[in-house]
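Below, each chain spelled out in residue letters.
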Amino acid sequence: MPLLDVNDLTTYFHTRNGVVRAVDGVSFQLEKGETLGIVGESGSGKSVTCMSMLGLIPQPPGRIERGTAHFDGTDLLHCSQKELQMIRGRRIAMIFQDPMTSLNPYLRIEDQLIEPLLIHGLADKKSARQQGLAMLDAVGIQDAASRIRGYPHEFSGGMRQRVMIAMALITKPDVLIADEPTTALDVTVQAQILELIKKEQQELGTAVILITHDLGVVSGFCDRINVMYGGKIVESGSTSDIFYHPQHPYNRALQNSIPALQAKGKELYTIPGMPPDMSKQSAGCSFAPRCEHATQLCTSEPPELQDVGQAHTTACLRVQRENLKP
Amino acid sequence: MLKFILRRILETIPVLLCVAAMTFFMCRLAPGGPFDEDKQVTAEVRELLNKQFNLDQPLHKQFIQYITHLPTLQSFKYPNRTVGEIISQKFPVSAKLGFFAMCIALGLGILFGVIASLRPNTYVDYIPSSLAMIGICLPTFVMGPLLMLVFSLQLGWFPATGWGGFDGDLFFSSDMVLPSVTLGFFYAAYISRLTRGGMLDILTQDYIRTAKAKGASGLRVILKHSLRGGLLPVISFMGPAIAGLIAGSFVIETIFNIPGLGQDFVKSAFNRDYTLVLGVVMFYATLIILLNLIVDILQVTLNPKLKFD
Amino acid sequence: MNDTPTRADAPDTVEKGESLWVGAWHRLRKNKMALAGGVFILLLAGLSFMGPFFLEGDYYTNTVLEDKLQPPGGDYPLGADHLGRDQLGRIIKGGQISLLVGLVATFVSLTIGIGYGTISGYFGGKVDSVMMRLVDILYSLPFVIFVILLMVFAKDLGDSIDAWFKARGSEFSISGQWNMLLLFVAIGAVEWLTMARIVRGQVMSLRQQEFIEACISLGLPTRRIIFRHMVPNVLGPVIVYTTLTIPAVMLLEAFLSFLGLGVQPPTPSWGLLIKDGADRMREAWWMLVFPGALFAITLFSFNFVGDGLRDALDPKTSKD
């Protein structure tokens, strides 16, 4: 029984310029203690997917059109606001991309850090403070005792992200969703943050969903990977399958784009074209306009995820039907 | 913080002196003295009066005298009453008016501003915002008489004039309603707009999303996470608001016939009652500067990004 | 067999960006209240300044005592006042005066404010600290008190000068215009503070902007930098606040007139009309309601236009 079971999650944004199909029929599962990576370009729907699960999408203009997201018996998309509030921060925690803006500048670090414990009635103020201190220490903040009473603007970006992690994990949640946690940070700090998340995960047994556009980040970190494009999952499998046996043309193109793996002196490989306009619905596969293997079939029929191996699925018609190995 | 206060006080002294000088010389440079218009006064009596009030001495000497003896100076037009007496009698009335008006302004303003910010661009927003627009555009001296017309003369709910009930002794009486509402409505409108803007600004920030992700309820998000930042514009506005309330009180007291300091100020300006004018101006100026100091301290206390510098 | 790959050419559509002004105009057009306000103001201005050409010369001073306090109707579409003057005519003339005061005084405060703000923002450092501290102090003082004193002083001075002339047998009267002039200056002198702050803020932030540094590093001449890059960016907020200063100024004028310190009778201004109306509220409600309503709607319109401009010119606050 998976910890999190998402089925046909669909979120559209109804704007003045049209309906943006940000997430279009996404389904996946998360097991206890597993690390799942969701990889894709900006606009592929990876963040919106997870925010939809927690009800953090502004509802106008967004709307969860259909789908279910079962977490330990509760359908997150169809439960009451109160039930959702009880799960948020307590059993499913989320950290966001920009640590500079994700902390409240008007409240002390301590107040924000222990807030999840107080909201969910897990500790009284005194005990919460002690736990907060311990958490800050655990995430590597030097001199935690004196810094805990400080304000966010007194912390650097990397430190703020550590605080975010501490804040998210202080209730020992079952799932941690990390939405591009390192994108806004220096390269040197990025590795540290990832190490920290990994360490905490191992200690607490938390399942982690890591959202990123950076293939390098997921390769050393995740058990399984979902590759998203145009609001849909186009390939899903174990890390080694995704990297060593890529099936979907988009995934292959991504692999080919990694600069470090390309021959020196030759022109860098780029995927031609631009990401799709999410307000216009395409008849067939959304990657077809940029795919070098696209055929008439691809532009007329929308592909579905199908197995191509053990726990390895792909949504490419040509791969499924003709066993295309580009 | 102490250094800050001291520095402010030091700054204040030259400002107050300037204010005093400007006021004094403006009054005196206008041709004519305070007793010129009294037709019953003969020339000799006038000379005597001028002497009694030291009006025959050189200007700068008069100025120094005024500054040093201000509260004990006698008013020209109210015989046997000193400036200090008059102010201490009349100011409490104006202060109460201002206090009630401010309560209305803050109470209604913040409440409606917060409500409007929660559902922007819906009816919950449009109605308070439109009311606020009206409040800002309808001058007090139009609104006052209009309210009097409707609520006093036509409906008879509140008395049109007077203050403090029949004997003027009550702490709160029905004749205080219309003046306070009239004076406070403009500020309520302005504050509600500021609150709405400030809250909207905050509510779209990432850290509100973080708070929700932690499981905070709607009320908690508003009270604990948003208000402190959202109300900052309102607190900054308090300075000019106080100055505005004082200015507004002149008109309100005139319209509703309230025996406060504002009414006296206008009259004394017309009557060339120099001592009273100077007294009132200095009093108000000091009061405002003091209140502004408090507002500034409040601002620094509530906003961790600011320091006393 | 496979179809021959028919990959559609990836559309290389680059969205046509729109300049700030064009985008602002579009957003403004969508704002119905702002448009309504703008139309109203134009109509009002037209009526006030052109209307009198169609009316008889003394349309605002023609006292017909027998007709005093006539309710609206017939000869007097908006009623007659306590001296039998036609309210409609007085309101039109009052509109002229009030709008004129609004425009001129705003111009005065614009000039002072822009000058002050630019100097303070451009030089920065100590100069800026001192200048802004001064603004802070002035902002919180009840300037109105000074304006009141100033107007009293001016009125007396004007009266004395008139008396001086009269004593020499001349009909020359300075007090009317003198008063107006001083009114413009006094009001302008109160309202410049906000404009100075806005301009200074803009100038300061612009100076530090990277694109200005980019301009310099590209070798653009200073004049070009100022006119093509700085001015358009300062212009936006200046326009917005000008539109919002006009009603504030009109309000101040009406306030002073109400206290008897602004425009002097028999020249009407809306403030005076409202005062007369308030005094005679019980017998002649039309003397209060019509000028009051018109005044409020005018202020409304200016505020809506100003708000609309502010929303239109600041892309960050656009509601989409």
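Notes on the structure follow. (Residues numbered from 1 in each chain as written. Chains lettered and ligands numbered in written order. Predicted model: local features only at pLDDT ≥ 70, side-chain atom pairs only at ≥ 80, totals over all residues.)

If you tally the helices and strands in chain C, you get ten helices and zero strands. Put simply, chain C runs from its N terminus to its C terminus through helices and strands in the order α-α-α-α-α-α-α-α-α-α. Out of the 320 residues in chain C, the part that is buried amounts to 40%. For chain C, the proportion of contacts with a sequence separation of at least 24, taken over those separated by at least 6, is 69%. (Helix = DSSP H or I, 4+ residues; strand = E, 2+ residues; numbered from the N terminus. Buried ≥ 20, exposed ≤ 12 C-beta atoms within 10 Å, placed from the backbone. Contact = placed C-beta atoms within 7 Å.)

Bringing the interface of chain A and chain B into the picture now. Taken together, the 22 residues of chain A in the interface contact 17 residues of chain B. Elements represented by at least two residues in the side of chain A that touches chain B include exactly helix H2 (81-87), helix H3 (99-102) and helix H4 (109-119) of chain A. Residue contributions to the side of chain A that touches chain B peak at three residues, all from H4 of chain A. Class assignment of the residues belonging to the side of chain A that touches chain B gives a composition of eleven nonpolar, seven polar and four charged. (Nonpolar A, V, L, I, M, F, W, Y, C, P; charged D, E, K, R; others polar.)

Okay, unusual backbone geometry next. All names here are of chain A. The backbone of Asp72 shows a phi angle near 45 degrees, a positive value even though the residue is not glycine. Turning to its location among the elements, Asp72 is positioned in the loop between strand S4 (62-71) and strand S5 (74-75). A positive phi angle is found at Asp143, which is not glycine, with a value near 60 degrees. Looking at the secondary structure, you find Asp143 in the loop between helix H5 (125-138) and helix H6 (144-147). The class of Asp143 is exposed, set by 9 C-beta atoms lying within 10 Å.

For the rest of this paragraph, the subject is the sheet that holds S5 of chain A. Residues and elements named next belong to chain A. Strand order in the open sheet formed by four strands is S2-S1-S4-S5, and the pairing between neighbours is antiparallel. In the strand order of this sheet, the two ends are held by strand S2 (18-30) and S5, each with one partner. Direction of pairing for strand S1 (residues 4-15) relative to S2: antiparallel, over a ladder of ten bridges. By the bridge assignment for S2, Thr10 is matched with Asp24. (Pairing = 2+ DSSP bridges.)

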